[in-house]
Every structure is written in structure tokens, then in C-alpha cells.
Amino acid sequence: MAMIRAATTTFLLLTALTGVAYPLLVTAVAQGVFPLQANGSLRTHEGRVVGSALIGQDFSSGEPARAARWFWGRPSATAPSPYTALDVAAGGASGGSNLAPSNPLLAERAQERIATLAAAARAVGLAPSDAPVPVELVTSSASGLDPHLSVAAAEFQVARVARARGLSEDTVRALVRAHTSPRTLGILGEPTVHVLELNLALEALGRSPEVP
Amino acid sequence: MTIPGLIQLVGFVVTIAVCARLLGPLVARILDGEPGRAPLGLGLVLGPLERGVYRIAGVTARAMTWREYALGILAFNALGVAAVYGLQRLQHHLPANPAALGPVEPASAFNTAISFATNTNWQGYAGETTMSYLTQMLGLGAQNFLSAATGIAVFAALARGLRRSSESGVGNCWVDLTRSTLYVLLPLSTLLALVLVGQGVVQTFRAPIEVEPLVQTSQTLPLGPAASQIAIKQLGTNGGGFFNANGAHPFENPTALANALQCLAILLLPAALCHTFGSMVRDRRQGWALLAAMLAIFIPCLAVTVMSEHAANPALASLGVDQALGNVEGKELRFGVDASALWASATTAASNGSVNSMHDSMMPLGGFAAMWLMQLGEVVFGGVGSGLYGMLMFAIVAVFVAGLMVGRAPEYLGKKIEPFEMRMACIVILLPCAVVLVGTAIACVVPAGTSSVSNPGPHGFSQILYAFSSAGNNNGSAFAGLAANTPFYNVALGIAMFLARYWLIVPVLAVAGAMSRKSAAAATEGTLPTHTPTFVLMLVAVVVIVGALTFVPSLALGPVAEHVQLFARR
């Protein structure tokens, strides 16, 4: 009997402490000290919430000629459509393709992506290029929400985006460089290009007259 | 691999070693301390809470026999299973459910309840579309703490049984559970949670928010009190994600720095507890020896993983792609290959099971290393507490084998190893192996098992083997292409997780009880020392040989066959 009382009471008290008091305390401090980060690092642009600074978006779907105007992030394997962060009705959530390296579908999807990239380049009148496509541009990320590109994957798209927007390649390349972050502390992670920020900067550039 | 990558990996191992050395003895002082007192001023702040718990629960800090201790732990865990099951089934009637999620299916709820109470945190469901905020924090979040505290408590009981001073009993389970929660897990988690929020992990009770993307038609962002749960998910070697993509989700693991801190948190306590053990048995060298044995297995496995993930996939070679970055399918670019491979090794060495990349898409040998680290019985770091008590069972076997080889009476820390302890150690070592192999075999021959497989060829078998290796060793990571949210897998893996946890805890506590009654003999010329490099080698050999003999045939059918198939194309 003493055992049952001890077990039940200890369980309830420790559950209340770790399952209620602790998350509430962390929430209170987090909302006070880091309100922006605690609520999803939302990115506003011209008064609209256009997304989260941490979550990638789909730029590649739709008409090739229109999609060609944007830098594309990595392929996303989320259902029902790419870069679905949450769709309760359809059961859509973050996640990867989980294709094995030996699964023929992996190469098939990569091939499709290469074809889509080529179609977009053709749509803006670029001659077909035989430069190898960086593998990160044809393989899907783990979360399906990766907001970044590698420098090589961004460079690969410079010619297409520049042509589609009537900008010089140097202008676009400079923009990519401005939105490249180095490794954290020089060692952690990899250098990355932030796709949403880069595309927002492209839009801003397109509207102001270009300064020579 | 790059120079920054190498610095990252070496720096990680060194940082873990240093942090473990600093933290370990502090944990020993907490476990051996008087009620209401704790180091670093923690007793001043949380001491009244601790005393309050004992007063309301009617607990006195008397030492228990191992049977009482085991009964207490089992009762405490049974309540955990019941609470998590109930919360999932009733969440639509309860508050803090802004997305209006319905009740969780019974089989899935059963699996999840066992999963979180056993410190496995296998997830058959997607967090953001299944669990309400209340279920996450009060059910899953609380069990993240309490299952880790259970591991620490059982470890503490074993350490007390083994140490030289013969004592009556193995400690008090309520005191151990309360003190490890209050003074070890809560302070560390609070600290880590706040740092993670600063990096961008969400911590809010607001409902999911719809944004207006630039091109995409619409996007809804899931939110929730994630940071508080992520912190203990890593520190308690739990691994259950708030969101489906787990540590790959930008809201769980937003930056390379957050990733590095979480990766350190995965191994921090399992490594530190080696030194805690050294302090508790009043011979620091014993702790060093156990940690050295763990590192001696961990580092080669890490090297294999890193090298395999940097390799180009031959299946993509003919497409004209530049594979300079390595195998990045299922990886996030902010982490890169090195930090993804490091995490994969850390999370499978420790019984953590969180992922920052999709293990299903790892190269065959990367998946091999991850699977094998689990199959070794989760003793290379392993779970908080559970990894070390598992390793101590291997140490008992190693002492016994060495004793037979040189013709000495086997003893560990001066206490004689007799047939009873050997029988218990064999149960602890062999039961998970049996669960993994029998479970895999059953799943391979019934349609309900094979129909969930998503990748063709040997990799399909690997998916099943990985699932049972994970559940049967309380890891929780997955080859996630396997459709595991089916009645068959929910029940089969639920049973595997249950057996692997509680059928190990009871024999471990039995050893603790038996050893506590023995008096320690003084060390003589004839004593086999258990802190020397020779013994470390012996211990590593026993762990590796048991693991290799048991799993080489099945690994040959899975990842090894896939590797040969993939690279024979060239």
C-alpha cells in the first residue's frame, strides 16, 4: 500500500513538474527573451508574412518560363506537394523521400529533376549546357523543408535566372555572394545560400532601376 | 573530407571527453547526496521541492532491497505507459489542442506509450499531424524525463551494489528518480532549451500559422512548445521528435550551432555517467576504462559512416551529376555530410534515436554502422544509465572470460562473480539479440511484415532488420521508409521495446542485490585489474565478438549485399 502511494504520488508530482511547470517556464522565458525565434522566425515583407526564415519554399513548380525567374531550393519529398510543412487534412508533414541509394527511383527522380532544370533553361532561351548538375540540386532534403542551397547549386542557376529577369550574370552572381553564409565559427556545418532571402532580393532588384 | 569537417569531428570527441569528466563526479554527488542537498547551489533552489515530493508521497529515504527497488521502478513505469496511452486516446476532449486533432488510433497509441516509457521513442506517427500540444508536453515530454531518470536510478542501484563498502540494500528508487530528475535532467534541459530557442527552435502555444509564400500557393507552419521537449529529448537519450522529420526539421534543429549542441547533448550524460561510476565506486580509473572501451568502438564506426557518406553513389554516376558533396539525399545542407554522419553515429551509439538526416537514404555501409551500433546492445554510450548498466554486464562477462583464460577466480571491484551473476548478465546480453532476430524473422515471413517495405532488394530486408534492431535495443531511430504505423508493426515493435527494457532492468537489479550482499576482498597480486588497457581491450573484444557473431549473417543479407550490388555496377 505504501508502495502504491509512493509510486502514484511521485509519478504525478514529477509529471506535473516536468510536463507542465517546466515547459511553461521555458515558454515564459523564451517569449520574453526571444519572441521572434520562439514564434517561428517569421519573415515579413511589405507588411505580409511571406514565410519563416527557417523553412524553405517551393519555387520550381509551374510554367517553366515563370519558374525560371527564381532560384529553386532542393527537391522536397513532402506530400501532398513539395514544401508542405503541415496539412492536417491530407496528413501532410515534414519528411524525406527515404529512397535507398540502391533504389532505381532515386536515379529516376534525379533524372526528372535534371530534365526540369533543362526545360526551364530552354524556356528562357539558354543553350543546353553540359555542365554537371550539383547533386544537392537533384536529391531531396531530409525534412523536405531545407531553406538552403550550396554555393555550387546557386551558381548553377545564375545564368538562367539572369536571362529570365534580363539582368547581367555578374549582378545576379553578386547577389548570390551577398546571401552566402560561411560555416559557423569557421568549422560547423557547410557554407549555405538562403533561397528565400536571395529571391526576395531578386524581386527588389527587378523593381528598382539598375545602377551601372 | 574537408579540414573543417575533420576539426568538427575531432573537436566533438574531445569536447565530449572534457564535459563528461566535469559532469560525471557532480552526478555522483547528486546520487549519493542527502535529501534536500545538492551541489552548485541546486539544493538551495530545488531542495524544498524535493522534500515536498517526499512529504506528500510519504517516502523516507531508507535503503530498499533489490526486489522492492525493482517493484517500485516497474510500478512507476506502468503508470507512465497508462498516462501516455490515456492522453493520446482522450486528447480531443482535452485543452491545448489548437489544430483540433482527433484521438490517436489504439494500436499506435499502445506503441507510442511503450515507446516513450521505455526511453525508446520510436515514432510510428507524424508529430505535427497526430499529437496535441498537451499530449506532447504532459505525456511525451514528461516521459522523456522520467524514462531517463529510470535509467539513471537503475544504474545508481547497480553501482551501489558493486562498490566496496558492503551496504544493506541498493538505495531508494523514489529518491533516485526524484533527485536525478530535479538536479540532473531539469537544470541541464532548461539551459539547453533556452539556448535552442535563441537559435530558432519554436516554443509557443500558438496554433499553426498560415503564411503567404512568394510563389507556392500556400504554406502552413506547425508550431508548439518544441524547444523544451527537444532539450530533454537529446539529454535523456530519448530521441522522439516534436515534428515528423525529427532533428532534420528546421524548427527542431535550425542552425549548425544548434545541431552541434544537440549532438553533444546526445552523448553527454551517457559519457559522464562513466565518471559518475568511477566516483561512486571510489576508483576513478574504472570510469576511465569503461569510457575508453566505448570510444574504442565508437570512433571506428564513426569513421566508416563519415567515409561512406562522402562517397559518390554509383547509381547516379551515369546521369552527369557532380557528386562533390557526397550522398546528400535525405540530408540537410546547413549540416552537411560530416555533421550528418556524426549525428547518425552518435544517435545510434547512444540509444537516442533522433535523426538529423534520413538513415534510410544513407549509403549501405553508413546504414551498416548505424545498425551495428544498436545491435551491440546499446552499450557503446547507450541510453542514459541503461548504456552503462549494460556495459557493466559485459564487464562482468569479460572478467569471467579473462578469469577462465588465466585460471583466476573472477571478481569485479573485489567482489566475486558467481554463477547467479553470470546467468543474469547472459540474460541482459542475449535477450535483446533474440528479440531482434526473432522479430525480424517473423516480420520477413508474414505478409503484414513484408508489405510495409518501401525499398526493393536487400535494402528492403535492411528496413525490417533496422526496425527490430532499433526497438529491441530501445534506440528509436528508423529506416523511415518502412510503413511502420500498421497494426502489425505497432504491436510487434511495442512488444520488442517492452521486453528489451524491463526484462533487462530486473536482472540488472538482481545483480545489484546479489553483489551488495558480498563483501569485497582486498586486491592482491593475483587480482585481475579492471582499469588497464589490457582489460579495456578484453572488454571491447567481448562486446564486438558477441555483436559480430550474432548479427553478421543478417547484416550480410542486408547492407553488405546492398553495398556489393551497388558498387558492382562500376
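Given the structure is predicted, the values throughout are model-derived calculations rather than measurements.

Asks: Is there a simple way to think about the overall build of chain B in this case?
Replies: Helix and strand counts for chain B come out as 19 helices and five strands. With respect to the principal axes defined by its C-alpha atoms, chain B has extents near 75 × 55 × 50 Å. Counting all 570 residues of chain B, 66% fall into the buried class. When the 28 positive and 24 negative side-chain charges of chain B are each reduced to one mean point, those points stand 12 Å apart.

Asks: Help me out: how do you make sense of the overall build of chain A in this one?
Replies: The number of helices and strands found in chain A is seven helices and eight strands. For 212 residues, the compact-globule estimate of 2.2 N^0.38 gives 17 Å, and chain A exceeds it by more than 25% at 22 Å. The dimensions of chain A, computed from C-alpha atoms along their principal axes, are 80 × 45 × 40 Å. Counting over 212 residues, chain A shows a buried share of 52%.

Asks: What am I meant to see in the interface of chain B and chain A here?
Replies: Each partner contributes to the interface: chain B provides 114 residues, whereas chain A provides 99 residues. Interface area for chain B against chain A, summed over the two sides, is near 8400 Å², with a carbon-plus-sulfur share of 69%. The three residues of chain B that bury the most area against chain A are Leu-214, Glu-329 and Leu-333 of chain B, which together make up 9% of that side's buried surface. Counting across the interface, chain B meets chain A through one salt bridge. The shortest N-O distance in the salt bridge between Arg-48 of chain A and Glu-212 of chain B comes to 3.5 Å.

Asks: Which parts of the structure should I look at to understand the domain arrangement of chain A?
Replies: Where interface size is quoted, it is often the accessible area lost as the parts come together. Under the domain assignment, chain A is made up of domain 1 (1-34) and domain 2 (42-204). Taken over C-alpha atoms, the centre of domain 1 of chain A sits 43 Å from the centre of domain 2 of chain A.

Asks: What is the right way to look at a nonpolar patch on the surface in this model?
Replies: All names here are of chain B. Taken together, the side chains of Met-1, Leu-6, Val-10, Val-14, Val-18 and Leu-22 define a hydrophobic patch exposed on the protein surface, amounting to about 570 Å² of accessible area. Among the secondary structure elements, Met-1 is positioned in the segment before α1 (3-31). You can call Met-1 exposed: its relative accessible area is 53%.

Asks: Explanation requested: the layout of surface pockets in the structure shown.
Replies: The method is simple in principle: a probe with the dimensions of a water molecule rolls over the atoms, and the space it marks as empty is what remains. Roughly 800 Å³ of volume is contained in the largest pocket. Around the largest pocket, the lining is made up of 41 residues, and of these Ser-94, Gly-95 and Asn-98 of chain A together with Asn-244 and Ala-480 of chain B lie nearest the centre. Here the lining of the largest pocket is composed, by residue class, of 16 nonpolar, 24 polar and one charged.

Asks: Could you clarify how one ought to interpret the pattern of salt bridges in this entry?
Replies: When charged atoms on two side chains of opposite charge get close, those side chains can pair. Taken as a whole and judged by the stated rule, the model has 19 salt bridges over all chains. Glu-169 of chain A is the partner of Arg-173 of chain A in a salt bridge, and the nearest nitrogen-oxygen pair spans 3.4 Å. Separated by four residues within a single helix, Arg-173 of chain A and Glu-169 of chain A lie in helix α6 (residues 169-178), roughly one turn from each other. Asp-283 of chain B is the salt-bridge partner of Arg-285 of chain B, the closest N and O atoms lying 3.0 Å from each other. Members of the salt-bridge network, linked through shared partners, are Glu-155, Glu-169, Asp-170 and Arg-173 of chain A.

Asks: Mind showing me how you'd approach empty space enclosed by the protein here?
Replies: All names here are of chain B. Within the structure shown, the criterion is met by three cavities of 30 Å³ or more. As a volume, the largest cavity reaches approximately 270 Å³. If you trace the largest cavity, you find 25 residues lining it, with Gly-377, Glu-378, Pro-432, Asn-473 and Leu-504 closest to the centre. With five residues, the single largest contributor to the lining of the largest cavity is helix α14 (residues 386-406). Volume-wise, the second largest cavity comes out at about 110 Å³. As for the second largest cavity, its lining consists of 16 residues, of which Leu-101, Glu-128, Met-131, Tyr-133 and Leu-223 are closest to the centre. Contributing elements (two or more residues each) for the lining of the second largest cavity: α5 (127-130) and α6 (133-162). A class-by-class count of the residues in the lining of the second largest cavity yields 11 nonpolar, four polar and one charged.

Asks: So what exactly am I meant to see when it comes to the state of the cysteines here?
Replies: By definition, a disulfide links the sulfur atoms of two cysteine residues through a covalent bond. Residue and element names in this part refer to chain B. Scanning the model with the defined rule gives zero disulfides over all chains in all. Cysteine Cys-274 remains unbridged, with the sulfur of Cys-19 as its closest cysteine sulfur at 14 Å. Relative accessible area serves as the criterion here: at 0%, Cys-274 is assigned to the buried category. Not engaged in a disulfide, the cysteine Cys-426 finds its nearest cysteine sulfur in Cys-433; these two sulfurs lie 11 Å apart.

Reading the values: rules and limits
- Residues numbered from 1 in each chain as written.
- Chains lettered and ligands numbered in written order.
- Predicted model: local features only at pLDDT ≥ 70, side-chain atom pairs only at ≥ 80, totals over all residues.
- Heavy atoms only, no water.
- Helix = DSSP H or I, 4+ residues; strand = E, 2+ residues; numbered from the N terminus.
- Buried < 20%, exposed > 50% of the residue type's maximum accessible area, 1.4 Å probe, protein only.
- Lys, Arg positive; Asp, Glu negative; His and termini not counted.
- Charge placed at Lys NZ, Arg CZ, Asp CG, Glu CD.
- Rg over C-alpha atoms; globule rule 2.2 N^0.38 Å.
- Contact = heavy atoms within 4.5 Å.
- Buried area = accessible area lost by both parts, 1.4 Å probe.
- Salt bridge = Lys/Arg side-chain N within 4 Å of Asp/Glu carboxyl O.
- Domains from an automatic or database assignment.
- Patch = residues over 30% accessible without salt bridge, like charges linked within 9 Å, V, L, I, M, F, W, Y side chains within 5 Å.
- Areas by Shrake-Rupley, 256 points an atom, 1.4 Å probe, with all protein chains shown as cover.
- 1 Å grid on protein atoms, 1.4 Å probe; cavity = no way out; pocket = protein on both sides within 12 Å on 5 of 7 lines; lining within 4 Å.
- Points joined across faces, edges and corners; volume = space filled by probe spheres on them.
- Nonpolar A, V, L, I, M, F, W, Y, C, P; charged D, E, K, R; others polar.
- Disulfide = S-S within 2.5 Å.

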